[in-house]
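So you can see what is in the structure, the chains are spelled out below.
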Amino acid sequence: MRHDEWLIKENITQLRQLMSDQNLQLLPDYEQRIAVLKDLGFIDLNSRVELKGKVACEVRRPESAIDSHGLTHVHRFTQRTS
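Scoring rules and cut-offs
Residues numbered from 1 in each chain as written. Predicted model: local features only at pLDDT ≥ 70, side-chain atom pairs only at ≥ 80, totals over all residues. Heavy atoms only, no water. Helix = DSSP H or I, 4+ residues; strand = E, 2+ residues; numbered from the N terminus. Buried < 20%, exposed > 50% of the residue type's maximum accessible area, 1.4 Å probe, protein only. Areas by Shrake-Rupley, 256 points an atom, 1.4 Å probe, with all protein chains shown as cover. Patch = residues over 30% accessible without salt bridge, like charges linked within 9 Å, V, L, I, M, F, W, Y side chains within 5 Å. Salt bridge = Lys/Arg side-chain N within 4 Å of Asp/Glu carboxyl O. Polar contact = N/O pair within 3.5 Å; in protein donor to acceptor, adjacent residues only side chain to side chain. Contact = heavy atoms within 4.5 Å.

(A) Seen up close, the overall build of the chain. Scanning the chain from terminus to terminus reveals four helices and zero strands. When the elements of the chain are put in sequence order from the N terminus, they spell out α-α-α-α. Within the span of the chain, comprising 82 residues, buried residues form 11% of the whole. Counting only carbon and sulfur atoms, one obtains 56% of the accessible surface of the chain, whose full area is about 7500 Å².

(B) Expanded view of a nonpolar patch on the surface. Residues Leu-15, Leu-18 and Met-19 make up a contiguous nonpolar surface patch of about 350 Å² in total accessible area. Inspection of the secondary structure puts Leu-15 in helix α1 (residues 3–18).

(C) Region of interest: the pattern of salt bridges. All told, the structure shown has three salt bridges when counted by the stated rule. Glu-5 serves as the salt-bridge partner of Arg-2, at 3.8 Å between the closest nitrogen and oxygen. Residue classification places Glu-5 among the partly exposed residues on the basis of a relative accessible area of 37%. Asp-44 is the partner of Arg-48 in a salt bridge, and the nearest nitrogen-oxygen pair spans 3.0 Å.

(D) Main features of the side chain of Asp-44. Along the polypeptide, Asp-44 turns up in the loop between α2 (21–40) and α3 (51–58). Judged by relative accessible area, Asp-44 falls into the buried class, the value being 15%. A polar contact of 2.8 Å, which involves the side chain of Asp-44, links it to the backbone nitrogen of Arg-48. Those residues in contact with Asp-44 that lie beyond four places of it in its chain are Lys-38 and Glu-50.

As structure tokens, this is what we get:
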């Protein structure tokens, strides 16, 4: 079997798995989580991660958490300086 044929067959297998009932059942939960992240301002309407979302990913300890007001201040500051 040639490499090109193998790649096509592998892609078909992956697509079948993605379309499986199990994965499709998870789709509403995923969409709901994305909607929450958008509502909280962690991602924009195009599903790109905002500064607030990047900071949230970096925060690992509860004592170093930054509240929403602080993140808004940081975001405004970076917008003015760029």
